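Secondary and tertiary structure notes
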Amino acid sequence: QVQLVESGGGLVQAGGSLRLSCAASGRTFSRSGVGWFRQAPGKERESVAAISWSGGKSYYADSVKGRFTISRDSVKNTVYLEMNSLRPEDTAVYYCAATKPFSISDLSAVYYDYWGQGTQVTVSS
């Protein structure tokens, strides 16, 4: 079992930056892929970025490529989402999610079994 807690959200002006953190508990997290997803009011949830359990592979939605970076710190059991050049359309609740050990971990939500409660990101114009 894996528990996830997101943090780092907030209000930022367009063009600004935020770093989200996804802190995990559970002995299997180091072998779990992790994804970031977001959901804006009235819209469907969409994938943002994902990283493999080893950290060797990462994936990004086209809308965030070149602006967002996903990384993980296995010692701290934490995955980060560095968000730069933020735009008003990035406003959403951001969720991190983890797979079961050694599972596929790309941008498809079907692979993720554990979800955090989310953190709000608001980008003002």
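Okay, so let's go over this structure. Nothing here was measured: the structure is a model prediction, and the numbers come from that model.

1. A few points about the sheet that holds strand β8 (residues 78-83)
Strand pairing in a sheet is mediated by backbone hydrogen bonds. Such pairs are either parallel or antiparallel. Across the sheet, which stays open at both edges, the four strands sit in the order β1-β3-β8-β7 with antiparallel pairing between neighbours. This sheet does not close on itself; its edge strands, each paired only once, are β1 (3-7) and β7 (68-73). Averaged over all neighbouring strand pairs, the angle between strand axes comes to 15°, with direction disregarded. Here β7 pairs with β8 via six bridges, running antiparallel. In the sheet register, Ile70 faces β8, and the bridge partner there is Leu81.

2. Overview of unusual backbone geometry
A positive phi angle, close to 55°, is found at Asn77, a residue other than glycine. If you trace the backbone, Asn77 turns up in the loop between β7 and β8. Unlike most non-glycine residues, Ser85 shows phi in positive territory, near 50°. Structurally, Ser85 is set in the loop between β8 and β9 (92-98). Among the residues examined, Ser85 registers a relative accessible area of 41% and is labelled partly exposed.

3. Examining the pattern of salt bridges
Following the criterion strictly, the structure yields four salt bridges and no others. Notably, a salt bridge pairs Arg38 with Asp90, separated by 2.9 Å at the nearest N-O pair. Linking Arg38 in strand β4 (residues 34-39) with Asp90 in the loop between β8 and β9, this pair joins segments that are 52 residues apart in sequence. For Arg38, a relative accessible area of 4% puts it in the buried group. With relative accessibility at 1%, the residue Asp90 sits in the buried group. Salt bridges linked by common partners bring Arg38, Glu46, Arg67 and Asp90 together as one network.

The rules behind the values
Residues numbered from 1 in each chain as written. Predicted model: local features only at pLDDT ≥ 70, side-chain atom pairs only at ≥ 80, totals over all residues. Heavy atoms only, no water. Pairing = 2+ DSSP bridges. Helix = DSSP H or I, 4+ residues; strand = E, 2+ residues; numbered from the N terminus. Axes fitted to C-alpha atoms, helices over the stretch in contact; angles between N-to-C directions. Buried < 20%, exposed > 50% of the residue type's maximum accessible area, 1.4 Å probe, protein only. Salt bridge = Lys/Arg side-chain N within 4 Å of Asp/Glu carboxyl O.

No statement about biological role is implied by the geometric values presented.
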